[in-house]
Amino acid sequence: MQHEKLIESANKIDEKFNKVIDHLKSELNSMRAGRANPIVLSRVMVDYYGMMTPLNQMANIQVTDARTLTVSLYDVSALKEAKKAIIAADLGLNPVDDGKVIRLSFPQLTEERRKDLIKQVRKTGEESKVALRNERRDAIDLGKKLKKETSEDDIAEYEKVIQKKLDAAVEKVDKMIKDKEADLLEI
């Protein structure tokens, strides 16, 4: 490939694909799989003195056993707000506090809930693949715009490189989905 814009675009596509994959990874990590995992609380935002603050920045979150998380707030006066935020996050968890800490018990996943989560995982994976294909389309469109300035061979080579990178990214997404499904089916 001779044209600098094509080379630059081919290099940037990796960065764009990695952003999509990182987003998928965070989405999958936040899905509850029946075991206690502090990551499920990563999106919980607490109204702390008028500012929305991530729970994990205002508390120590620990796994006490396979099915229990303990949330110890640095400022105990925010306990009620934190509990309210956990309930509002709709995680399917029932927070219980003793005035000092919040305990979250993760119930055993039912067969129906597992199937729902697997559907959600597949949907999220498909959305990621669509995002990857959209990035590829944008990159290919750039190649078409530069058709007058560069040779057809360079554009064909550029399109092959972009397609190979897409195939590798889709393969990563498929593996992540498969691993999460296996995790959800594990009893």
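Conventions we followed
- Residues numbered from 1 in each chain as written.
- Predicted model: local features only at pLDDT ≥ 70, side-chain atom pairs only at ≥ 80, totals over all residues.
- Heavy atoms only, no water.
- Pairing = 2+ DSSP bridges.
- Helix = DSSP H or I, 4+ residues; strand = E, 2+ residues; numbered from the N terminus.
- Axes fitted to C-alpha atoms, helices over the stretch in contact; angles between N-to-C directions.
- Contact = heavy atoms within 4.5 Å.
- Buried < 20%, exposed > 50% of the residue type's maximum accessible area, 1.4 Å probe, protein only.
- Arc of directions from axis to C-beta.
- Salt bridge = Lys/Arg side-chain N within 4 Å of Asp/Glu carboxyl O.
- Core = buried A, V, L, I, M, F, W, Y, C linked by side-chain atoms within 4.5 Å.

### Observations regarding the sheet that holds strand β3 (residues 59-65)
Next up, step 1: Read from one edge of the open sheet, 4 strands run β3-β4-β6-β5, paired in antiparallel fashion. Each of the sheet's edge strands pairs with one partner strand only, and the pair in question is β3 and β5 (95-97). Ignoring which end each strand starts from, the neighbouring axes of this sheet average 25° apart.
Next up, step 2: Sheet analysis places β5 next to strand β6 (residues 101-105), joined by 3 bridges and oriented antiparallel. If you follow Asp-97 over to β6, its bridge partner there is Ile-102.
Next up, step 3: Contacting β4 (68-73), β5 and β6, helix α3 (residues 79-88) crosses the sheet at an angle of about 20° to β6.

### Structural notes on α3
Next up, step 1: Among the residues of α3, Leu-79, Ala-82, Ala-85 and Ile-86 are the ones counted as buried. For α3, the angular spread of the buried residues around the axis is 125°, confining them to a single face. Residues of α3 that are exposed and point more than 90 degrees away from the buried face comprise Lys-80, Lys-84, Ile-87 and Ala-88.
Next up, step 2: Buried-residue contacts for α3 involve β1 (45-48), α2 (55-58), β4, β5 and β6.
Next up, step 3: Asp-90 sits one or two residues past α3 and shows a positive phi near 55°.

### Some words on the pattern of salt bridges
Next up, step 1: Applying the stated criterion across every chain, the model contains 13 salt bridges.
Next up, step 2: A salt bridge links Lys-175 to Asp-179; the shortest N-O distance between them is 2.9 Å. On the criterion of helical spacing, the pair formed by Lys-175 and Asp-179 is a turn pair, its members being 4 residues apart in helix α5 (residues 152-185).
Next up, step 3: Judged by its relative accessible area of 52%, Lys-175 falls in the exposed class.
Next up, step 4: Owing to a relative accessible area of 41%, Asp-179 belongs among the partly exposed residues under this scheme.

### Examining unusual backbone geometry
Next up, step 1: A positive phi angle, close to 55°, is found at Tyr-49, a residue other than glycine.
Next up, step 2: Take Tyr-49: it is sitting in the loop between β1 and β2 (51-54).

### A closer look at the pairing of β6
Next up, step 1: Where β4 and β6 come together, 5 bridges link them in antiparallel fashion. When the bridges of β6 are listed, Val-71 appears paired with Ile-102.
Next up, step 2: Linking β5 to β6, which pair antiparallel, is a turn of 3 residues; within it Gly-99 sits at a positive phi near 95°.

### A few points about the nonpolar core
Next up, step 1: Within the largest apolar cluster, 27 residues are counted, with the highest numbers of intra-cluster contacts made by Leu-28, Leu-132 and Ile-162.
Next up, step 2: Counting only elements with at least two residues in this core, the list comes to α1 (4-29), α4 (111-145) and α5.
Next up, step 3: Examining the composition of this core, we find that 10 residues originate from one element, α5, more than from any other.
Next up, step 4: When near neighbours in sequence (up to four residues on either side) are disregarded, Leu-132 contacts Phe-17, Val-20, Leu-166, Ala-169, Val-170 and Val-173.
Next up, step 5: In terms of nonpolar packing, the next biggest core, distinct from the first, is built from 22 residues, Val-46, Met-58, Val-71 and Ala-78 among them.

Scope: geometric values only; no functional claims are made or implied.
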